[in-house]
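The residues making up each chain are set out below.
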Amino acid sequence: MQAIHQPLQGKQQAKQQSAHTPGPKRGKKPNFRAMLQNKEMQAALGSGIMMLIAWGIAPYFATLSVIIYIAAYGIGGWTKAKEGVETLVKDRDLDVNLLMIAASLGAATIGYWNEGAMLIFIFALSGALESYATERSHKDISSLLALKPETALRIEDGQMNVVAIEDLKPGDLLLVKPGELIPADGIVYRGSSFINQSSITGESMPVDKSAGDEVYAGTVNGEGALYVEVTKSAGGSLFGKIIKLVEEAQAEVPDSQRFMERFEGIYARIVVGVTLLVIGGAPLLLGWTWNEAFYKAMVFLVVASPCALVSSIMPVMLSAMSSSARRGILFKGGAHMENIAHTQVVAFDKTGTLTMGTPKVTDILTAPRVSREQLLSAVASVENLSMHPLARAIVEQASRENVPLQEAEHVQSITGHGIEGIVNGVVWKIGRLDGTVWAQEIHEIQEKQTMEERGATETLAVTLTGELQNGKAVESITNDVPVNGEADWETVCTRLEREGKTISVVTVNGEFAGLIAMRDMIRPQAAEAVKKLENMGVKVAMLTGDRARSASVIAGETGVSLVYADLLPEDKVKQVQALREQYGHVLMVGDGVNDAPALAVATVGMGMGLSGSGTAIEVADAVLMNDNIEEIAWVIGQARRAERTVKYNMCFAITVILALIAGNFLQDIALPLGVVGHEGSTILVILNGLRLLR
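These notes cover the structure that comes with them. (Residues numbered from 1 in each chain as written. Predicted model: local features only at pLDDT ≥ 70, side-chain atom pairs only at ≥ 80, totals over all residues. Heavy atoms only, no water.)

Some thoughts on the sheet that holds strand β22 (residues 539-543)
Okay, so step 1: Pairing is mixed in the open sheet, where 7 strands are placed in the order β10-β26-β25-β24-β11-β22-β23. Edge positions in the open sheet fall to β10 (329-331) and β23 (562-564), since each of these has one partner strand only. Averaged over all neighbouring strand pairs, the angle between strand axes comes to 20°, with direction disregarded.
Okay, so step 2: With 4 bridges joining them, strand β24 (residues 585-590) and strand β25 (residues 604-608) adopt parallel strand pairing. (Pairing = 2+ DSSP bridges. Helix = DSSP H or I, 4+ residues; strand = E, 2+ residues; numbered from the N terminus. Axes fitted to C-alpha atoms, helices over the stretch in contact; angles between N-to-C directions.)

Some words on the nonpolar core
Okay, so step 1: Tyr-267 and Val-271 are the most contacted members of the largest nonpolar core, which totals 45 residues.
Okay, so step 2: Broken down by element, this core gets its largest block of residues, 9 residues, from helix α10 (residues 290-303).
Okay, so step 3: Counting residues in each nonpolar core, the second largest holds 40 residues, with Met-321, Ile-329, Ala-555 and Val-560 among its members. (Core = buried A, V, L, I, M, F, W, Y, C linked by side-chain atoms within 4.5 Å. Buried < 20%, exposed > 50% of the residue type's maximum accessible area, 1.4 Å probe, protein only.)

Quick notes on the sheet that holds strand β9 (residues 226-230)
Okay, so step 1: Taking strand neighbours across the sheet as the criterion, the 6 strands line up as β2-β1-β3-β9-β4-β7 in an open arrangement whose pairing is antiparallel. Each edge of the open sheet is held by one strand with a lone partner, namely β2 (159-164) and β7 (214-215).
Okay, so step 2: Sheet topology places strand β1 (residues 151-156) next to β2; 6 bridges connect them, and they run antiparallel. Its bridge partner being in β2, Arg-154 is matched across the sheet by Asn-161.

Thoughts on the side chain of Glu-631
Okay, so step 1: Mapped onto the elements, Glu-631 comes out in helix α25 (residues 631-666).
Okay, so step 2: Residue class for Glu-631 comes out buried when judged on its relative accessible area of 15%.
Okay, so step 3: Every residue in contact with Glu-631, bar those within four places of it in the chain, is listed here: Arg-327 and Ile-329. (Contact = heavy atoms within 4.5 Å.)

Observations concerning the packing of aromatic side chains
Okay, so step 1: Per the counting criterion, the structure on display carries 4 aromatic pairs.
Okay, so step 2: Between Tyr-69 and Trp-113 the ring centres are 6.5 Å apart and the planes differ by 15°, which places this aromatic pair in the stacked class. A residue pair is termed long-range when its members are at least 10 positions apart, and Tyr-69 in helix α4 (residues 62-90) and Trp-113 in helix α6 (residues 113-137) qualify at 44 residues.
Okay, so step 3: Between Phe-300 and Phe-665, the ring centres sit 6.0 Å apart and the planes meet at 40°, which makes this aromatic pair tilted. Of the two residues, Phe-300 sits in helix α10 while Phe-665 sits in helix α25, which places them 365 residues apart along the sequence.
Okay, so step 4: You can call Phe-300 buried: its relative accessible area is 5%.
Okay, so step 5: Chaining the aromatic ring pairs together yields one cluster made of Tyr-69, Tyr-73 and Trp-113. (Phe/Tyr/Trp six-rings, centres within 6.5 Å; stacked < 30°, edge-to-face > 60°.)

Rendered as structure tokens:
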């Protein structure tokens, strides 16, 4: 029996909590094996290896060398050639893929097999890296769908039948067992329990639900069985709306992507047009021979190829992403690193992002004839049999203070109140403060106390622990609060609520014994992270489903200037969109399923890697693996340095291309020299980009 009353161990809690809640893959490092499994990467590397082999045997086996070069062309250029032809046939447009293949084949026709193979290899390699980054950047909602309930237990004619959630309709009566996901939006018909609905509303504390209360699909039922009457079909539920919002946001194409697609077509048309003009017009207008015109046209195709321009971007972004990864920030694609450089507003979710996401005991207030240790021991003994997060916070506090637990009997949950049990023959009752139920009960308890029992001048000694650090009180003060009626306790409770704390009322044998206040603690680095962002000229906002009072307390302590509270997932999406319209680029930082739509609709979504849900991590464009939000300011600065480097590289690449084109027509540059100049500029811009690895 005694073992039952010992504090539950962390591993057991973790197993029980994780049994119904999918989590992210933690501590995942960059997977180079997966990169090598990319088909485009395999083709590019195969093309490069065959190019080297053909170059090595060319002096000895010329025919075999040509055959191997042809194989290298086919392996490395097949994917890009296919894409180019599809663009030409389906969209009736030209792109850089077709241009590069034409340049390589043109070089081969005049005997420069190795130069053409090198062009294909470099272009195929850059394309493979871009393809791999694109795969990583796709916003996958697989984990979100994994959280979606598949079946429900419907009660029909006194029988319980398992049905698919798609078959549910308003008016159906469902049974939701303890620990199960609620399958549909509805109203509690009978029963009571606490519901962890942080995945939908973002509330840091589980919410007690009883008859008449609304519940949401995708939230987790606590310890009690609930009979729920369905009010919305699966598609119209709040959870269904979250999935739809994420899918809609995924379909949005960035403006920079549209610009690059337009530029690619225009660039290809210009180069092809000039090439054809040189081949067909130069012999007629300038008197060149056909061979001379064709040679200059092929040199033009080589030196005008965009290898240096392509390399101006990806190596820089990959280097910036690599240096960010070493600091615990993983980007799913270079485009997101580019977008984060323009961040004007960082919008934080509150629970689990600016705060730790778990409640801690902050204050213990006791009546005169009840000692602090006596109250904490009795309450923790009763709460030890509950898995409610508030109950676990009280038990953990007792463990920190080495307060022994006792045997609790007849422990039971009380609908609308909390929990009660008998310790040493005394009935202890604990429940979350409610503005009507508990305030009325305190009033009734105080009315029962006669003036003779209290005395006209009796005072209530209240012990306040203050904020706790490492499980110990940092200050202990005793205030004398006159007991003149309910108003005095209303003042105390108002003060605690104003500090953003959740209050549990404790009674013993029907008499008031004290209050226990708890709060979701702020991350130690939150204030510093906000300060760094503000110093960079970036505005900081907080979006939360929690109450305005709690949100304002957290905002005041962290220095957040823009606060938006009482937001459901669709409200967060609207608020992010409003911030984008007002300020420009928005970086959204969140950790829960309820944050997924906002993460998807933001310019850049950043998920919390350690504490975040699998959905938030999958949907996000970047992941803060160590949850160190202080690094956000650094990564924005690094992205801005990367943007400057890209601009320098592009200017240099364009200058070299224009110089080589001019030299081709004015100074008769030989094809090998054109390749050396072109590829040399490519190497230089790559090396410049690699500086960001430092």
